[in-house]
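Each chain is listed here by its residues.
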Amino acid sequence: MDTATLLPTNHSYVSVWAKRCAEEEKSPAIQYERSFLSVSEEKNGKGKMKKTNNRFVNAVTRLERSIGSELRKVLFGPRLRFRLWLKIGTCVVALLLLLLLAQHVLFQPPFCLAGSPDCALGHVVVYVVTPTYKRPTQAPDLTRLSQALMLAEAKIFWIIVEDAYAPSKLVRDVLRRSGLDGVHLLGKTPVQHKQPSAGKGVAPRRRALEWLRANATTPAVLYFADDDNSYDHRVFAEITRVRKVGVFPVGLVGGFGISSPVVSRDGHVTGFHDAYDRRFAVDMAGFAVNLQLVLSSKEPQMPYKLGRLETAFLESLGVALKDLEPLANNCTEVLVWHTKDQRVKFITKSSIAHKKYVNTNIPVLYQNILEE
Ligand code: UGA
Ligand code: MN
């Protein structure tokens, strides 16, 4: 009997569907399924139950096949194929764009490359290394330097290294009051290097280099800023332009009263205008280096040798004259001065012993200064 005659209303659709089912009944796959099921029926000896199961399985298989072929038509039918794939493509592109945006916002590197145009936005860190030691002018010197750093249009990280056995309240307070990012370290000069011929501030600078190797992030620029010099805050923004080694004039340096790189008309450093002849005749305040160069160098040198510190350091980085980049408007302006401390007396408590100071501000003033 034809299956279609047994089915009620909605005649045309149902009869087509029924016809297809009848055709599929004869398909080799279904025949195979049937034979498999009847073999297991016989083996189990549970005739009736399995027969019901058999019919049910056949119906489900037919339904599945029918749905499958309809779905295939929808997905891959000639008319819908183009529009569907267009939609899928649009979704994939939108998803990719969304991922890119998320990556840009969430995983943006904190800084640009030193010397790249973005540096003007202040993304490069300038690690400023300042050796310091106890003396009467330490407070005004550090205050002056801290305030120049605070004005800098650059991202400053201030490494203050005390040439001392223990950290002082004065240094801690100056760094805290500045609000700058920074670190307060100790780098005591060993007794055998205390003589003038060993140079000053070597042990603190070595300590800073050690700290940088372990903690610094790049892109960054390193600048050695002694505590007693005078800095125009613009020098720090200027330094962020350094690609390899930036050089610039330093005012009030002994000998000629100024120390400066000599720059040719086409903007190349050809030598130095400095009273002391050295391979790199620059003052410590007259150069800044890309930190990557320092970190990738095997062993940057800072020897205990007066007059050799700067040149030995640059030589150890494998720098050549052609690598020097003239800053400060092609070395035509002074943005840092090598000012020096005057010899002055430390205050002592003995000066306030007089009875006329009792019940006045003077003992408190002395106490505050001595505590620093
Ligand atoms: C000149 C250079 O500008 C310095 O960079 C160089 O370190 C120094 O000569 C040298 O090699 O002797 P100058 O003004 O003579 O500088 O030296 P100072 O300013 O007295 O000292 C340089 C830095 O080291 C300062 O920041 C100072 O506070 C620090 N320092 C000095 C110490 O940490 N410990 C000391 O015992 C003396
Ligand atoms: Mn000095």
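Structure shown above.
Below: a short report on this structure. As the structure is a computational prediction, the values presented were derived from the model and not from experiment.

A short note on the pattern of salt bridges
Scanning all chains against the criterion turns up 15 salt bridges. A salt bridge links Glu210 to Arg207, with the nearest nitrogen and oxygen atoms 3.0 Å apart. Of this pair, Glu210 and Arg207 both sit in helix H7 (residues 202–215), separated by 3 residues, roughly a single helical turn. Under the relative-accessibility criterion, Glu210 is labelled exposed at 52%. Taking the shortest distance from any N to any O, the salt bridge between Lys322 and Asp323 comes out at 3.5 Å. Through salt bridges with shared partners, a single ionic network connects Arg135, Asp141, Arg144, Asp227 and Asp341.

Some remarks on the packing of helix H5 (residues 138–151) against helix H6 (residues 169–178)
Where H5 meets H6, the axes come as close as 10 Å, and the angle between the chain directions of the two elements is 20°. Taken together, the axes of H5 and H6 are roughly parallel relative to one another. Note that H5 runs across H6; the crossing there is right-handed. Counting all contacts with H5, which are made through Gln138, Ala139, Leu142, Ser146 and Met150, the residues of H6 involved are Leu170, Val171, Val174, Arg177 and Ser178. When its residues are assigned to classes, the contact of H5 with H6 shows 6 nonpolar, 3 polar and 1 charged.

Thresholds, definitions, all that
Residues numbered from 1 in each chain as written. Chains lettered and ligands numbered in written order. Predicted model: local features only at pLDDT ≥ 70, side-chain atom pairs only at ≥ 80, totals over all residues. Heavy atoms only, no water. Salt bridge = Lys/Arg side-chain N within 4 Å of Asp/Glu carboxyl O. Helix = DSSP H or I, 4+ residues; strand = E, 2+ residues; numbered from the N terminus. Buried < 20%, exposed > 50% of the residue type's maximum accessible area, 1.4 Å probe, protein only. Axes fitted to C-alpha atoms, helices over the stretch in contact; angles between N-to-C directions. Parallel < 35°, antiparallel > 145°, perpendicular 65-115°, else oblique. Left-handed = near helix turned anticlockwise from the far one by under 90°. Contact = heavy atoms within 4.5 Å. Nonpolar A, V, L, I, M, F, W, Y, C, P; charged D, E, K, R; others polar.

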